[in-house]
Amino acid sequence: GSPPIPQFGLYALSSISFALLGLFAFLRFSCPVFPGHKIEAAVCVLQSLVSWGNDVYSFGTASKWKLADRMVASVNVAWQVVKLLWLSMAPLEYVVWIGAILAALACFQKGQECLHSRAPKAPTRANFDAFLYWHAAWHAILPSGAAAWMYL
């Protein structure tokens, strides 16, 4: 199988980025930016929990965390795309939002390529380390882009 997942360090901590975004969104605005923005902030905290459960706690094992992470992440990414159509934004806001979504998805894809590069064999240590890097970037880029958007 794959090498063990580090329980500490940037990869393990990268799941927290969603909760930090949720906390930031909750505290940043005194009135709702759009209907349900405080619910979205709470869902970001949930995303951190299921992401850590799948990507750190139970990585490489059969677990309910995997399904939960995939479901919550899929809904969150789809919701970010829907907001592009629903919310009125300035051109720079669209650039930040679309750029963050595309960059995050590219990091996710690159990480999957590294992890499954030798399938059905386990990845090499170098490929596994590259997966950890790209998957941590996937966790960090979309929340960072959303936080940047909140500052615009």
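Residues numbered from 1 in each chain as written. Predicted model: local features only at pLDDT ≥ 70, side-chain atom pairs only at ≥ 80, totals over all residues. Heavy atoms only, no water.

## Here's the deal with the layout of surface pockets
- Considered as a void within the structure, the largest pocket measures approximately 760 Å³ in volume.
- Lining the largest pocket we find 38 residues, and of these Asn 54, Asp 55, Asp 69, Phe 108 and His 135 sit closest to its centre.
- Only helix H2 (16–28), helix H3 (37–57), helix H4 (64–86), helix H5 (91–115) and helix H6 (125–151) provide two or more residues apiece to the lining of the largest pocket.
- With eight residues, H4 is the single largest residue contributor to the lining of the largest pocket.
- Of the residues contributing to the lining of the largest pocket, the split by class is 18 nonpolar, 14 polar and six charged. (1 Å grid on protein atoms, 1.4 Å probe; cavity = no way out; pocket = protein on both sides within 12 Å on 5 of 7 lines; lining within 4 Å. Points joined across faces, edges and corners; volume = space filled by probe spheres on them. Helix = DSSP H or I, 4+ residues; strand = E, 2+ residues; numbered from the N terminus. Nonpolar A, V, L, I, M, F, W, Y, C, P; charged D, E, K, R; others polar.)

## Quick look at the environment of Met 89
- Its location among the elements puts Met 89 in the loop between H4 and H5.
- C-alpha of Met 89 to C-alpha of Ala 78: the two residues are 11 residues apart in sequence and 18 Å apart in space.
- Once residues within four sequence positions are removed from consideration, Met 89 is found in contact with Lys 83, Leu 84, Tyr 94, Trp 97 and Trp 149. (Contact = heavy atoms within 4.5 Å.)

## Details of the packing of H2 against H6
- It is the contact of H2 with H6, at a shortest axis distance of 9 Å, that shows an interaxial angle of 15°. Taken together, the axes of H2 and H6 lie roughly parallel to each other. Helix-helix and strand crossings are classified by hand; for H2 and H6 the assignment is left-handed. Side by side, H2 and H6 meet where Ser 17, Phe 18, Leu 21, Phe 24, Ala 25 and Arg 28 of the first sit next to His 139, Ala 140, Pro 143, Ala 146, Ala 147, Met 150 and Tyr 151 of the second.
- Each residue belonging to the contact of H2 with H6 can be placed in one class, and the counts come to 10 nonpolar, two polar and one charged. (Axes fitted to C-alpha atoms, helices over the stretch in contact; angles between N-to-C directions. Parallel < 35°, antiparallel > 145°, perpendicular 65-115°, else oblique. Left-handed = near helix turned anticlockwise from the far one by under 90°.)

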